[in-house]
Amino acid sequence: MKRLGNLWPRITAFDNLYLAWRKARRGKANRRSTAEFALHLETELLTLQRELCAGDYWPGAYRLFTLYERKPRLIAAAPFRDRVVHHAVMNCLEPLLDRTFIFDSYACRNNKGAHRAVARYQGWCKGYAYALKMDVARYFPSLDHLLLKEKLRRRIKDPPLLALLDRIIDTSPEFPPEPTPLFPGDDLLTAAERRTGIPIGNLTSQFFANLYLDDFDHWMKETLGVAGYLRYVDDMVVLGNDTQRLRELRAAARERLAQERLVLHPRKAEISRVWDGLDLLGYRVFPDFRLLRNDNGHRFARALRRMADAYEAGRLEWHELNPRVQSWIGHARQADSWGLRKAIFSRTVFRRGRDQEVSGASAAARGTTNRGTPARRTATGTPPATGTTTSVCASPSLPAIAGVAPR
């Protein structure tokens, strides 16, 4: 592969920084840091441009918090101006390196994503008997800084860009200490000498996570000749018809990942029959249908009740909660989940005051026409003013939840 150069002038161009600001503010326009940056936009962008060109730019301190979803994850949120820089770099770098990734790497890439990964697997599993699903233990906290920098240098030859990427990597927050395995060639001091870990949440981290295992992906596809292989971040699936061959591939993968200073999760590298269903990216996937994973529905039902309580108390507005609901609905509708959606929404009522009430049942179960087909909705999610819809809302001033009728 020819190494990439002459990217720095494009990255530091004012037009690119302005585009990066527009991308960084999406979904965050109401936050104080975003608003303060926008208040002096031209000055802020020119300052960033000057610091980058002079080599004086230095990332700020991360805001650390723990996200509890199935298991606790330490999230590191970069300051807003740093996120602008991340977008500026990725605007120019990612499209060029993305084309070198294998087709079946699905995380954080244009026209990819979890739903396409699940669809790809489901299409494949009709022709295979067994699936090997593997997961890297503590993937983001385990990424080795020296190896990551080497991988970047094999692909990029632009010194200012490499210096900036090194600085982003080096300023990653420290992760809680964990027992570190010894890899081939290590001594007792190796773990203390080598820094590991990149923050979950950074745009650059998502790209680094794809890049770090790209060599492994090509090795699986091209050296071992595995046709039925896909990856989403550190979730890897291999399909085959011979369990012995899959066990050999698992052993080979474990050795190859050790070269990347990574370890397969000891309890998440199992071979199963495809017709028993595979737990993949939030779904239980079978050859002919897919279900939501059990804990997904329970978690959302609890979150929906909390949102209803917050709405009634005035702590949450409809325009804030509706996108969260629609996001889950969009995920759930990719599975055979109509009964689950109906059950969850039928038990929840959004109310505020004595005269305003929206029943989840009316939004979910009755969001259909008298003929049983989905009712038309406006772009805002409210029912049309006229028509044959049977959606029932106690107050017409509150919109029904759109998108929960059967597909």
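Residues numbered from 1 in each chain as written. Predicted model: local features only at pLDDT ≥ 70, side-chain atom pairs only at ≥ 80, totals over all residues. Heavy atoms only, no water.

Caption draft 1: Structural context of the overall build of the protein chain. Counting its regular elements, the protein chain contains 17 helices and eleven strands. Counting over 407 residues, the protein chain shows a buried share of 48%. In the protein chain, once contacts between residues fewer than 6 apart in sequence are set aside, the share between residues at least 24 apart is 71%. On the protein chain, roughly 20800 Å² of surface is accessible, and the fraction owed to carbon and sulfur atoms is 50%. (Helix = DSSP H or I, 4+ residues; strand = E, 2+ residues; numbered from the N terminus. Buried < 20%, exposed > 50% of the residue type's maximum accessible area, 1.4 Å probe, protein only. Contact = heavy atoms within 4.5 Å. Areas by Shrake-Rupley, 256 points an atom, 1.4 Å probe, with all protein chains shown as cover.)

Caption draft 2: Here's a closer look at a positive patch on the surface. There is a patch of like positive charges on the surface, built from K71, R73, R267 and K268. Elements supplying a minimum of two residues to the positive patch: β2 (71-77) and β6 (264-273). When you line up the elements, K71 lands in strand β2. (Patch = residues over 30% accessible without salt bridge, like charges linked within 9 Å, V, L, I, M, F, W, Y side chains within 5 Å. Salt bridge = Lys/Arg side-chain N within 4 Å of Asp/Glu carboxyl O. Lys, Arg positive; Asp, Glu negative; His and termini not counted. Charge placed at Lys NZ, Arg CZ, Asp CG, Glu CD.)

Caption draft 3: Examining the side chain of R256 more closely. Tracing the sequence through the fold places R256 in helix α13 (residues 243-259). Not counting residues up to four positions away in its chain, the partners in contact with R256 are D215, F216 and W219.

Caption draft 4: Spotlight on the pattern of salt bridges. Taken as a whole and assessed by the stated rule, the structure comprises 23 salt bridges. A salt bridge links D186 to R261; the nearest nitrogen and oxygen atoms lie 2.8 Å apart. One end of the pair, D186, is in the loop between α9 (159-170) and α10 (190-193); the other, R261, is in the loop between α13 and β6, and 75 residues separate them in sequence. Judged on exposure class, the residue D186 and its partner R261 are both buried.

Caption draft 5: Spotlight on the packing of aromatic side chains. Going through the model one piece at a time under the given rule, you end up with 15 aromatic pairs. Judged by centre distance (6.4 Å) and plane angle (45°), the rings of Y130 and W275 are tilted. On the criterion of sequence distance, the pair formed by Y130 in strand β3 (residues 130-136) and W275 in the loop between β6 and β7 (278-280) is long-range, its members being 145 residues apart. With 5.7 Å between their ring centres and 75° between their planes, Y139 and F140 make a pair best called edge-to-face. Classification of Y139 as buried rests on a relative accessible area of 4%. An aromatic cluster of at least three residues, connected via ring pairs, comprises F101, F207 and F208. Positioned above the aromatic ring of F103 is the side chain of K112, whose terminal nitrogen or guanidinium carbon lies 3.3 Å from the ring centre. We note R352 situated over the ring of Y311; from NZ or CZ to the ring centre the distance is 4.3 Å. (Phe/Tyr/Trp six-rings, centres within 6.5 Å; stacked < 30°, edge-to-face > 60°. Lys NZ or Arg CZ within 6 Å of the ring centre and 35° of its normal.)

Caption draft 6: Local environment of the side chain of N16. Topologically, N16 is positioned in helix α2 (residues 14-24). Exposure remark for N16: the relative accessible area of 10% places this residue in the buried category. A distance of 3.5 Å separates the side chain of N16 from the backbone oxygen of R10, its partner in a polar contact. A polar contact is formed between the side chain of N16 and the backbone oxygen of I11, at a distance of 2.9 Å. (Polar contact = N/O pair within 3.5 Å; in protein donor to acceptor, adjacent residues only side chain to side chain.)

Caption draft 7: Up close: unusual backbone geometry. Despite not being glycine, N6 has its phi angle at roughly 60°, a positive value. Checked against the element boundaries, N6 lands in the segment before α1 (8-11). The exposure class assigned to N6 is exposed, which follows from its relative accessible area of 68%. Even without a glycine there, the phi angle at V233 is positive, about 55°. Position of V233 relative to the elements: it lies in the loop between β4 (229-232) and β5 (235-240).

Caption draft 8: Here's a closer look at the nonpolar core. Among the nonpolar cores identified, the biggest contains 64 residues, and L93 and Y139 are the most heavily contacted of them. If one sorts the elements of this core by residue count, helix α5 (residues 80-98) sits on top with nine residues. Residues contacting Y139, with those up to four places away along its chain left out, are A209, Y212, L213, V233, D234 and L262. (Core = buried A, V, L, I, M, F, W, Y, C linked by side-chain atoms within 4.5 Å.)

Caption draft 9: Quick peek at helix α12 (residues 214-223). For α12, the full list of buried residues reads D214, D215, F216, D217, W219 and M220. Note on α12: the residue one or two positions beyond its end, G225, has a positive phi of about 70°.

Caption draft 10: Inspection of the packing of α5 against helix α11 (residues 203-212) at higher detail. α11 packs onto α5 with a crossing angle of 25° between their chain directions and a minimal axis gap of 10 Å. Between α5 and α11, the crossing angle belongs to the class labelled roughly parallel. Note on packing geometry: the crossing formed by α5 with α11 is left-handed. Only L203, T204 and F207 of α11 make contact with α5, whose side of the interface consists of H86, H87, M90, L93, E94 and L97. (Axes fitted to C-alpha atoms, helices over the stretch in contact; angles between N-to-C directions. Parallel < 35°, antiparallel > 145°, perpendicular 65-115°, else oblique. Left-handed = near helix turned anticlockwise from the far one by under 90°.)

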